[in-house]
Amino acid sequence: MSIYNKINAGFALGASEPVTAGVEDVIYIFNEDEITLTYSTTNPLIVTGLTAVATAKVYKFEGTNNSFNATSKLAKTQVGPRYTEEIDFNVAGLSVEIKAQLQAMGYGRVRAIVVNNYKASDSAVELYGAVNGLVLTEAERNAADETLDGGYKVKLSNPEKLKEPYPPRAVSIAPQSGTATYASTIAAIEELVA
């Protein structure tokens, strides 16, 4: 009996560029059906393009002091490996606009792009929710919580029973001419920011 995929490479930990934990204090979120994804023709784990449908935008959320976290967990299923993806972040604010955005994330599906602190990798920028999107699964506010000054703790994760078939996709977008770099990828994302 053959298996669907087989390993074809090894890896070594780099002493000159050690792995760094965490993600930057910025996250890009967009509505699932408003940005079209283009994948590498040779590797489905790489997003090579983001194209806005009509006048759609990417929304940039900024935080401070490690207020964002991203998690991907393998879940074995009867049809193969699936991945549960989660984005946790804090919202330092309390307004009708914030509440409206949280409500929209609870009903509609979004995708999220995170920027890892570890930049010496082709996965410095990653997309979560590529296939099934993410929905707001937790939004908790404790008015007396001094760590958030009464703001919200928010979690985006896969819709119930809809795990991702791949781990978070690397986002690697080339400029008009040349090869993709970290800088060209961030520039391409920023061009779509509202």
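Attention here is on the structure that accompanies the text. As the structure is a prediction and not an experimental result, all values here were calculated from the model.

This part covers helix α2 (residues 182-191). Of the positions making up α2, those classed as buried are S184, T185, I186, A188 and I189. Its buried side turned inward, α2 meets β1 (23-31), β3 (46-52), β7 (110-116), β8 (125-128) and β11 (169-171).

Glancing now at the sheet that holds strand β9 (residues 135-141). What the four strands build is an open sheet, ordered β5-β6-β10-β9; its pairing is antiparallel. The sheet terminates laterally at β5 (68-77) and β9, the two strands that pair on one side only. Each neighbouring strand pair of the sheet contributes to a mean axis angle of 20 degrees, computed without reference to strand direction. Relative to strand β6 (residues 80-91), β5 runs antiparallel, the two sharing ten bridges. Directly across from F68, in β6, lies its bridge partner F89. Set on the sheet, helix α1 (residues 96-107) makes contact with β6, β9 and β10 (152-157); between it and β10 the angle comes to about 25 degrees.

It is possible for side chains of opposite charge to pair when their charged atoms get near one another. Going through the model one piece at a time under the given rule, you end up with five salt bridges. For E86, the salt bridge is made with K155, and the minimal N-O distance between the two is 3.6 Å. Highlighted residues: E86 in strand β6 and K155 in strand β10, separated in sequence by 69 residues. For the pair shown, E86 and K155 are each scored as buried. Put simply, E138 and K155 hold a salt bridge, and the shortest N to O gap is 3.8 Å. Placement of the pair is E138 in strand β9 and K155 in strand β10, with a sequence separation of 17 residues. For K155, a relative accessible area of 17% translates into the label buried.

Moving on to the environment of K57. Assignment of secondary structure puts K57 in the loop between β3 and β4 (59-62). Residue K57 is classed as partly exposed on the basis of its relative accessible area, which comes to 34%.

In this section: the sheet that holds β11. As summarised here, the arrangement of the seven strands in space is β2-β3-β11-β8-β7-β1-β4, forming an open sheet in which the pairing is mixed. Two strands close off the open sheet at either side, each with one partner strand: β2 (35-39) and β4. Ignoring which end each strand starts from, the neighbouring axes of this sheet average 35 degrees apart. Note that β7 and β8 share four bridges and pair antiparallel. Directly across from I113, in β8, lies its bridge partner L127.

Definitions and cut-offs
Residues numbered from 1 in each chain as written. Predicted model: local features only at pLDDT ≥ 70, side-chain atom pairs only at ≥ 80, totals over all residues. Heavy atoms only, no water. Buried < 20%, exposed > 50% of the residue type's maximum accessible area, 1.4 Å probe, protein only. Helix = DSSP H or I, 4+ residues; strand = E, 2+ residues; numbered from the N terminus. Contact = heavy atoms within 4.5 Å. Pairing = 2+ DSSP bridges. Axes fitted to C-alpha atoms, helices over the stretch in contact; angles between N-to-C directions. Salt bridge = Lys/Arg side-chain N within 4 Å of Asp/Glu carboxyl O.

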